[in-house]
Amino acid sequence: MTTLTRPKILFFDVNESLLDLGGLKKSVGKALEGREDLMPLWFTTMLQYSLVMTSSRQFTDFGTIGAATLKMVAANHGIQLSEEKSKEALNPMLSLPAHPEVKEALKNLKNAGYTLVSLTNSSNDGVKAQFANAGLNGYFDEMLSVETVGKYKPDSTVYDWAAKKVGAQPHECLMITAHGWDIAGAIWAGWRGAFIARPGQQLFPLAPLPEINEPDLLKISEKLIALDN
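Parameters at a glance
- Residues numbered from 1 in each chain as written.
- Predicted model: local features only at pLDDT ≥ 70, side-chain atom pairs only at ≥ 80, totals over all residues.
- Heavy atoms only, no water.
- Helix = DSSP H or I, 4+ residues; strand = E, 2+ residues; numbered from the N terminus.
- Rg over C-alpha atoms; globule rule 2.2 N^0.38 Å.
- Buried < 20%, exposed > 50% of the residue type's maximum accessible area, 1.4 Å probe, protein only.
- Contact = heavy atoms within 4.5 Å.
- Areas by Shrake-Rupley, 256 points an atom, 1.4 Å probe, with all protein chains shown as cover.
- Lys, Arg positive; Asp, Glu negative; His and termini not counted.
- Charge placed at Lys NZ, Arg CZ, Asp CG, Glu CD.
- Axes fitted to C-alpha atoms, helices over the stretch in contact; angles between N-to-C directions.
- Parallel < 35°, antiparallel > 145°, perpendicular 65-115°, else oblique.
- Left-handed = near helix turned anticlockwise from the far one by under 90°.
- Nonpolar A, V, L, I, M, F, W, Y, C, P; charged D, E, K, R; others polar.
- Phe/Tyr/Trp six-rings, centres within 6.5 Å; stacked < 30°, edge-to-face > 60°.
- Polar contact = N/O pair within 3.5 Å; in protein donor to acceptor, adjacent residues only side chain to side chain.
- 1 Å grid on protein atoms, 1.4 Å probe; cavity = no way out; pocket = protein on both sides within 12 Å on 5 of 7 lines; lining within 4 Å.
- Points joined across faces, edges and corners; volume = space filled by probe spheres on them.

J.: Break down the overall build of the chain for me, citing the residues and quoting the values.
T.: Across its full length, the chain holds 9 helices and 6 strands. Computed over the C-alpha atoms, the radius of gyration of the chain is 17 Å, within 12% of the 17 Å expected from 2.2 N^0.38 for a compact globule of 229 residues. Reported as C-alpha extents along the three principal axes, the dimensions of the chain are approximately 55 × 35 × 30 Å. Residues classed as buried in the chain amount to 48% of the 229 residues present. Considering only intrachain contacts with a sequence separation of at least 6, the fraction spanning at least 24 residues in the chain is 63%. Surface summary for the chain: the accessible area is close to 10700 Å², and the carbon and sulfur share equals 51%. Of the charged side chains in the chain, 22 are positive and 25 negative; the average position of the first set lies 2 Å away from that of the second.

J.: Describe in detail unusual backbone geometry, supporting the description with residues and values.
T.: Following Lys 153, the chain continues to Pro 154 via a peptide bond in cis, the omega torsion being 10°. Summarising the element assignment, Pro 154 is placed in the loop between β3 (142-145) and α7 (156-165). Of note, the phi angle at Glu 16 is positive, near 80°, even though the residue is not glycine. Here Glu 16 lies in the loop between β1 (9-12) and α1 (22-31). Of note in the backbone geometry, Arg 57 takes a positive phi value of approximately 60° without being a glycine. Structurally, Arg 57 can be placed in the loop between α2 (39-55) and α3 (62-76). Classification of Arg 57 by relative accessible area gives exposed; the value is 73%.

J.: Explain the packing of helix α5 (residues 102-111) against helix α9 (residues 217-225) to me, and be specific about the residues and the numbers.
T.: Their axes nearest at 8 Å, the elements α5 and α9 cross at an angle of 10°. Relative to α9, α5 is oriented roughly parallel. The handedness of the crossing between α5 and α9 comes out as left-handed. Across the interface between the two elements, Val 102, Glu 104, Ala 105, Leu 106, Asn 108 and Leu 109 of α5 pack against Leu 217, Leu 218, Ser 221, Leu 224 and Ile 225 of α9. The residue inventory of the contact of α5 with α9, partitioned by class, reads 8 nonpolar, 2 polar and 1 charged.

J.: An account of the packing of aromatic side chains is needed here, citing residue identities and associated values.
T.: By the definition in use, this model includes 8 aromatic pairs. The interplanar angle of 40° and the centroid separation of 4.5 Å between the aromatic rings of Phe 11 and Trp 191 together place this pair among those described as tilted. One end of the pair, Phe 11, is in strand β1; the other, Trp 191, is in the loop between α8 (180-188) and β5 (192-196), and 180 residues separate them in sequence. By relative accessible area, Phe 11 is classed as buried at 0%.

J.: Describe the side chain of Arg 198, and please don't skip the residues or the numbers.
T.: Position of Arg 198 relative to the elements: it lies in the loop between β5 and β6 (212-214). By relative accessible area, Arg 198 is classed as buried at 6%. Looking at Arg 198, its side chain comes within polar contact range of the main-chain oxygen of Glu 16, at 3.1 Å. Side-chain polar atoms of Arg 198 contact the backbone oxygen of Ser 17, separated by 2.9 Å. Ignoring anything within four residues of it in the chain, the contact list for Arg 198 reads Glu 16, Ser 17, His 99, Glu 101, Val 102, Ala 178, Pro 215, Asp 216 and Leu 217.

J.: Explain the layout of surface pockets to me, and be specific about the residues and the numbers.
T.: Approximately 450 Å³ is the volume attributed to the largest pocket. Taken together, 19 residues line the largest pocket, and the ones lying closest to its centre are Glu 16, Leu 21, Pro 40, Phe 43 and Gln 201. For the lining of the largest pocket, the secondary structure elements donating two or more residues are α1, α2 and α8. The biggest single contributor to the lining of the largest pocket is α2, with 5 residues. Tallied by class, the residues present in the lining of the largest pocket amount to 7 nonpolar, 7 polar and 5 charged. Listing elements by their share of the lining of the second largest pocket, those giving two or more residues are α2, α3 and α6 (124-134). With 4 residues, α3 is the single largest residue contributor to the lining of the second largest pocket. Considering only residue class, the lining of the second largest pocket consists of 8 nonpolar, 8 polar and 2 charged.

Next comes the structure, spelled out in structure tokens:
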């Protein structure tokens, strides 16, 4: 049995992994004439078209893709939604609260000597606003956005770039995320992984399993802190 050791760098996804999308669900639901049940479909469609752009060697910011795909979902359900209203519906994305256990977990990991880096599909300015509004400034040694490399996760280029950016080898990096596609991409890029099994989130059965799988970040932090150097 392989004995796990501490990774050099902990990378964190942001949306849904650290931040609670509940407020955004209400805003998106209102724009879709009360259809809050369409929130998962919209989020999946946004991810789909971010990857369409990446595979087509195109790039625009995540918020723009989000507004465009919200209009698509609305149209498919017979809902009239203007470009202005679709953008307004996504404004809460910048002021999402952290999940209840996140700050304690991040504090414990920092105190245990870990280097913490965020790696998000949100823009550079977007994640700065998100962390300021959620009270997460000060926990992270660096904040990385796919905007800098011009490709979206889970493209392997993103993970390769992020590892080089912080001076680490892929096997020294561990991705912490609530998204099965993010964990899959990271592991296939040679990283280690920890999955936050938040409600409605699942691992991709065709991808290798991450070494840690827990329902919240605090439990993940406890396992990481227990690892030997």
